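Here is how the chains run, residue by residue.
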Amino acid sequence: GENVEQHPSTLSVQEGDSAVIKCTYSDSASNYFPWYKQELGKRPQLIIDIRSNVGEKKDQRIAVTLNKTAKHFSLHITETQPEDSAVYFCAATEGGTSYGKLTFGQGTILTVHP
Amino acid sequence: DAGVTQSPTHLIKTRGQQVTLRCSPKSGHDTVSWYQQALGQGPQFIFQYYEEEERQRGNFPDRFSGHQFPNYSSELNVNALLLGDSALYLCASGSLAARETQYFGPGTRLLVL
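One structure accompanies this document, and this report is about it.

Criteria and thresholds
Residues numbered from 1 in each chain as written. Chains lettered and ligands numbered in written order. Predicted model: local features only at pLDDT ≥ 70, side-chain atom pairs only at ≥ 80, totals over all residues. Heavy atoms only, no water. Helix = DSSP H or I, 4+ residues; strand = E, 2+ residues; numbered from the N terminus. Rg over C-alpha atoms; globule rule 2.2 N^0.38 Å. Contact = heavy atoms within 4.5 Å. Lys, Arg positive; Asp, Glu negative; His and termini not counted. Charge placed at Lys NZ, Arg CZ, Asp CG, Glu CD. Patch = residues over 30% accessible without salt bridge, like charges linked within 9 Å, V, L, I, M, F, W, Y side chains within 5 Å. Areas by Shrake-Rupley, 256 points an atom, 1.4 Å probe, with all protein chains shown as cover. Salt bridge = Lys/Arg side-chain N within 4 Å of Asp/Glu carboxyl O. Buried < 20%, exposed > 50% of the residue type's maximum accessible area, 1.4 Å probe, protein only. Disulfide = S-S within 2.5 Å.

Once that is clear, we can look at the overall build of chain A. Within chain A one finds zero helices and eleven strands. Along chain A, from the amino end to the carboxyl end, the secondary structure elements read β-β-β-β-β-β-β-β-β-β-β. On C-alpha atoms alone, chain A measures out to a radius of gyration of 13 Å, which is about the 13 Å that the 2.2 N^0.38 rule sets for 114 residues. Along the first, second and third principal axes, the C-alpha atoms of chain A reach 40 × 30 × 20 Å. For chain A, contacts bridging at least 24 residues in sequence account for 55% of all contacts bridging at least 6. Once the 11 positive and 13 negative side-chain charges of chain A are each reduced to a mean point, those two points are 5 Å apart.

Encoded structure:
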């Protein structure tokens, strides 16, 4: 089955800096990669996703890049703000469907210091 | 437009007991997936239901079972509870027909004593 590795496990940045979280996946058939943000005690919230026919996608301060050859994808957050502090999870779906089984990375605790 | 809802929000059980958790999907969604999230871990896939059938299953024992009703809502049942079953149980709904991505409910926090 699919295996997703996520790094780093913790990331501490100053407000205004950029943050980058990286994930690798094992199943070359996977072609849908969402990112979720989870605040303490809350549900995971989808913040951005990318499909394999696209190399990069942006939404305001958030961007995701995908390298299918290397089987890795990354989340980029620019101009970080304290409210960006949360746990971020990358995921991949087996079979490449957006509605199928999600395999999650281990999570990255992002702390943005004012 | 209601999002994904789950009940109850919190639950305390003792070892050996049985528990039923409930999920109502987002309006227009037809699939319901269940995930177990232990403290400090990412969610782990338990199973997914579509058209009242279990469509996919993760590496969980048969003590974990589920059901989907004609209105697309779903239940997760766990028998013979173990201490290690203590976790946040998340339900996610999506749409196979519309190929729409999944959104999570608020979760049920289960504590087994």
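Once you've had a look at it, read on.
Residues and elements named next belong to chain B. A contiguous nonpolar surface patch, about 300 Å² in accessible area, is contributed by I12, L111 and L113. Note that I12 resides in strand 2 (residues 10-13). Judged by relative accessible area, I12 falls into the exposed class, the value being 58%.

Here we come to the state of the cysteines. Residue and element names in this part refer to chain B. Under the definition given, this model contains two disulfides over all chains. A disulfide bridge connects C23 with C91, and the sulfur atoms are separated by 1.7 Å. Note that C23 is positioned in strand 3 (residues 19-24) and C91 in strand 9 (residues 87-95), a separation of 68 residues in sequence. Looking at C91, the relative accessible area reads 0%, which means it is buried.

Scanning the entire structure with this criterion turns up six salt bridges over all chains. B:E54 serves as the salt-bridge partner of B:R57, at 3.0 Å between the closest nitrogen and oxygen.

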